[in-house]
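Notes for the structure review
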Amino acid sequence: MEFLDGSQNVTASRGLLFTYSDPFGQVGVNWHHAFSPSWSTDFWAFNGEDRLKDNNHGKTLGLGLTYNHRGSQERYLSLHAYRGPEQDGLGAAVGTGAEGRQRERVCLMGQWVWGASTLQGEISLGRETFAAGDILGATDPVKAAWRGYGLIWKLDLGRGMGLFARGEQLSDDAGVRLSLDPSIRESLGLGGPTPHFG
């Protein structure tokens, strides 16, 4: 629902899904192919998600399918799926550059514009496997899961004015997204295992 470039967003504020659930950084390549004005697909290959440092060994792959109603850029539904190993960098593997934390994400996004109204929605589901000891208080490996749902509605009143409403929910069983990704925590001076909220 939101873009890094805030000028493309419907709202002026950032939401829960953009801040915590969706990856902030992806470096790689994207191949886009339009089969028709209404249907297109995307393929991504990048060096992990949210990696401030990466050993460039493992790649995260993604596949997307987008439907634009009657070719309109303002009315669309887009399904994306991503899977790949993440740089470990936690616990016994800290500083080794080991790959192995498997992350999988599925995201369904859409937008519908009619008249002065815009409605956007997103469902984001993800899971990631952590070794024993990587999650604070966990003695066994943890498969952490998170789920996010959001809706944004805007009514354009003209002359640069509008009304907005936003509703979002984010569930993060192990706290791996709400605590921020471990490599981002480390860069902020919040190193150590991710707190366990289960």
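That block above? That's the structure.
Now for a quick tour of the structure. (Residues numbered from 1 in each chain as written. Predicted model: local features only at pLDDT ≥ 70, side-chain atom pairs only at ≥ 80, totals over all residues. Heavy atoms only, no water.)

Helix and strand counts for the chain stand at two helices and eight strands. Each helix (α) and strand (β) of the chain, taken in turn from the N terminus, gives the series α-β-β-β-β-β-β-β-β-α. Across the 198 residues in the chain, those meeting the buried criterion constitute 40%. Pairs at least 24 apart in sequence give 49% of the contacts found in the chain among residues at least 6 apart. Roughly 10800 Å² of accessible area belongs to the chain as shown, and the carbon and sulfur atoms make up 60% of that amount. (Helix = DSSP H or I, 4+ residues; strand = E, 2+ residues; numbered from the N terminus. Buried < 20%, exposed > 50% of the residue type's maximum accessible area, 1.4 Å probe, protein only. Contact = heavy atoms within 4.5 Å. Areas by Shrake-Rupley, 256 points an atom, 1.4 Å probe, with all protein chains shown as cover.)

Here Arg-70, not a glycine, exhibits a phi torsion of approximately 55 degrees, which is positive. Tracing the backbone through its elements, the reader meets Arg-70 in the loop between strand S3 (60-68) and strand S4 (76-87). Here Arg-159, not a glycine, exhibits a phi torsion of approximately 55 degrees, which is positive. Inspection of the secondary structure puts Arg-159 in the loop between strand S7 (142-158) and strand S8 (161-172). A relative accessible area of 85% means that Arg-159 is categorised as exposed.

Under the counting rule described, the total for this entry stands at three aromatic pairs. Between the aromatic rings of Trp-39 and Tyr-67, the centroid separation amounts to 4.9 Å while the plane-to-plane angle is 45 degrees, which identifies the pairing as tilted. Residue Trp-39 is found in strand S2 (residues 39-49), and its partner Tyr-67 is found in strand S3; the two are separated by 28 residues along the sequence. We classify Tyr-67 as partly exposed; its relative accessible area is 28%. Centroid distance Phe-46 to Tyr-82: 6.0 Å. Interplanar angle 50 degrees. Geometry classified as tilted. (Phe/Tyr/Trp six-rings, centres within 6.5 Å; stacked < 30°, edge-to-face > 60°.)

A few words now on the pattern of salt bridges. Per the stated rule, a full pass over the model turns up four salt bridges. Where Glu-128 meets Arg-103, a salt bridge forms, and the shortest distance between an N and an O atom there is 2.8 Å. Separated by 25 residues along the polypeptide, Glu-128 in strand S6 (residues 117-130) and Arg-103 in strand S5 (residues 99-114) bring together distant segments of the chain. Side by side, Glu-128 and Arg-103 carry an identical accessibility label, which is buried. Through salt bridges with shared partners, a single network forms among Arg-83, Glu-104 and Arg-127. (Salt bridge = Lys/Arg side-chain N within 4 Å of Asp/Glu carboxyl O.)

It is worth spelling out the pairing of S8 at this point. With 12 bridges joining them, S7 and S8 adopt antiparallel strand pairing. Among the inter-strand pairings, Leu-151 is bridged to a residue of S8, identified as Gly-167. (Pairing = 2+ DSSP bridges.)

Attention shifts here to the side chain of Arg-105. Tracing the backbone shows Arg-105 in strand S5. Look at Arg-105 and you get buried, because its relative accessible area is 5%. When neighbours within four sequence positions are excluded, Arg-105 is seen to be in contact with Pro-23, Gln-26, Glu-49, His-80, Ala-81, Tyr-82, Leu-125, Gly-126 and Trp-146.

Turning next to the environment of Val-27. As for its position among the elements, Val-27 is in strand S1 (residues 26-34). Val-27 sits 20 residues away from Asn-47 along the chain, and the two C-alpha atoms are 6.0 Å apart. The contact partners of Val-27, leaving out residues within four places of it in the chain, are Phe-46 and Asn-47.

Once that is clear, we can look at the nonpolar core. In terms of nonpolar packing, the biggest core is built from seven residues, these being Phe-130, Ala-138, Val-142, Ala-144, Trp-146, Ala-174 and Val-176. The leading source of residues in this core is S7, at three residues. (Core = buried A, V, L, I, M, F, W, Y, C linked by side-chain atoms within 4.5 Å.)

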